[in-house]
Amino acid sequence: MEERQNLKENSKILVDVKHLKKYFQYGKNAVNKAVDDVSFFIREGETLGLVGESGCGKTTTGRTVIGMYSATEGEVLYNGQNVHKLTGHEKKEFTKDVQVIFQDPYASLNPRMTVTDIVAEGIDIHGLYKGAERMEKVYEYLHLVGLSKEHGSRFPHEFSGGQRQRIGIARALAIEPKFIMCDEPISALDVSIQAQVVNLLIKLQREMGLTYLFIAHDLSMVKHISDRVAVMYLGCMAELTSSYELYANPLHPYTKALLSAIPIPDPNIERTRHRIMLEGDVPSAINPPPGCRFKSRCKYAKPICGQEMPPLKEVEKDHFVACHLY
Ligand code: SF4
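Residues numbered from 1 in each chain as written. Predicted model: local features only at pLDDT ≥ 70, side-chain atom pairs only at ≥ 80, totals over all residues. Heavy atoms only, no water.

1. Some details on the overall build of the protein
Next, step 1: Within the protein, the regular secondary structure consists of eleven helices and twelve strands.
Next, step 2: Relative to its length of 326 residues, the protein is compact, with a C-alpha radius of gyration of 21 Å against a globular reference of 20 Å.
Next, step 3: C-alpha atoms of the protein, sized along the principal axes, occupy 70 × 50 × 40 Å.
Next, step 4: Residues counted as buried form 50% of the 326 residues belonging to the protein. (Helix = DSSP H or I, 4+ residues; strand = E, 2+ residues; numbered from the N terminus. Rg over C-alpha atoms; globule rule 2.2 N^0.38 Å. Buried < 20%, exposed > 50% of the residue type's maximum accessible area, 1.4 Å probe, protein only.)

2. Here we look at unusual backbone geometry
Next, step 1: Residue E184 is not a glycine yet carries a positive backbone phi of 50°.
Next, step 2: On the accessibility criterion, E184 (8% relative accessible area) is buried.
Next, step 3: Although it is not a glycine, L234 sits at a positive phi angle of roughly 45°.
Next, step 4: Structurally, L234 can be placed in the loop between β9 (228-233) and β10 (236-242).

3. A word on the sheet that holds β9
Next, step 1: Read across the open sheet, the eight strands follow the order β6-β7-β8-β3-β9-β10-β12-β11; overall the sheet is mixed. The two strands at the open ends of the sheet, each matched to only one other strand, are β6 (98-101) and β11 (313-316). Taking each pair of neighbouring strands and ignoring which way they run, the sheet shows an average axis angle of 20°.
Next, step 2: The pairing of strand β3 (residues 47-51) with β9 spans four bridges and is classified as parallel. Looking across to β9, one finds that L48 is bridged to R228. (Pairing = 2+ DSSP bridges. Axes fitted to C-alpha atoms, helices over the stretch in contact; angles between N-to-C directions.)

4. Examining helix α2 (residues 58-65)
Next, step 1: By the criterion of burial, α2 is predominantly enclosed, with six of the eight residues buried.
Next, step 2: When α2 is considered as a whole, its buried residues turn out to be K58, T60, T61, G62, T64 and V65.

5. Comments concerning empty space enclosed by the protein
Next, step 1: Applying the stated criterion across every chain yields a total of one cavity of 30 Å³ or more.
Next, step 2: Taken as a whole, the largest cavity holds about 100 Å³ of empty space.
Next, step 3: Lining the largest cavity are 14 residues; nearest its centre among them are C292, C298, A301, C305 and C323. (1 Å grid on protein atoms, 1.4 Å probe; cavity = no way out; pocket = protein on both sides within 12 Å on 5 of 7 lines; lining within 4 Å. Points joined across faces, edges and corners; volume = space filled by probe spheres on them.)

6. What to know about helix α5 (residues 131-144)
Next, step 1: The end-to-end C-alpha distance of α5, which contains 14 residues, comes to 20 Å, matching closely the 20 Å that a straight helix rising 1.5 Å per residue would cover.
Next, step 2: Those residues of α5 that fall on the buried side of the exposure criterion are R134, K137, V138, Y141, L142 and L144. Across the axial projection of α5, the buried residues extend over an arc of 160°, all falling on one side. Exposed residues on α5 whose side chains face more than 90 degrees from its buried face are A132, E136 and H143.
Next, step 3: The inward-facing, buried residues of α5 contact α4 (115-125), α6 (161-173) and α7 (191-208).
Next, step 4: Two residues or fewer past α5, G146 is found with a positive phi of approximately 85°. (Expected span 1.5 Å × (residues − 1). Arc of directions from axis to C-beta. Contact = heavy atoms within 4.5 Å.)

Here is the structure:
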C-alpha cells in the first residue's frame, strides 16, 4: 500500500486546476459565485475526493474541470492543455479520455435502450469497434463490473440500483478513458451497496490505471477510495491534504464538523467522540459577504474573519487549509 502511495506521488500531474472561477449571473445585480478561486491537481492513477454539503460548488467544479461548463476565470490543464481551448482532434481525444459516472443510475440510463447498446454508445460514437469485436468489448466490460453476457439484452428497469450503477460504470469504461469524474456515484444507493460500488471502482482503478475525481457530500466513503481529499465550502476550498492526514488531523473547523458527523461503529470510540453540530444551512453563494464564507456557522470566528477571505495555505507539509486560525 505504502509502495503504491509512493508510486502515485511520483506520477505526473494529469489534471491541473488553477484559480478556477465559475460564476452564474442572475439578472443585473445577482451573481452566484458557485466556484470562487479553486486550485488543485490530480496525479495520474490517483483519486482526489471532493467533498462538501449540497450547494457548495463541488459538482459545478467537476463539470467545469471536464469542460461541461466554461470557466469564468482561471484554467484547467489536462495533460498540459487548456481544457476550455481545445478544438478539432484534440477536443475529440479529450472527450474520449474523460468520462463521467453520474449520481443517479435511474436517470442516467436510457430506458428504451438495451444494456448492450448503452455500454456500446461511446464505442459507436468514437467508431472504436464494429461487429463481433464491438460485442466482445461490451461483454468484456460487463464482466469487469460483475455483470454477465446475458444481462446485455435486458433493459435498465430490470435491474437494481447497484446493478444500474455497474452498467453506468461499464458504459464509462467502454471507451477506455484515462480520467473519470465520479459525480456522487453512490449517493442514490443503499448503504449496503455503496461499499460494493466503491470497491469496484478501486479494483478497476488498479487494473486499468484510471484517475478519479470522486465527488461526495460526506466524508464517510471518501476515505476508502481517495488518496487525497479536498473539502469545499460555499464555492471555496477549505482544506486539502492526504486522506490519512485529513481523518487523523483535521484543521479547518468545517472539516472537523463534517468528520464528527460520521458514525463510528466501535462502541469505545463512540463514547468519547464529540459531535460538532453545525447550526443552520449553507448560506447562499449569491452575492456572498466579504471575509470567510464559513463565519456565520463558525464558533471560532473573530473580527478578521468578517473582513478578509482566508487564503488556502500550506500549514504543514502537503496540508493546506484556508482559515485565520492558522
Ligand atoms: Fe472560522 Fe475564521 Fe477560520 Fe473562517 S477563518 S473557519 S470564521 S476561524
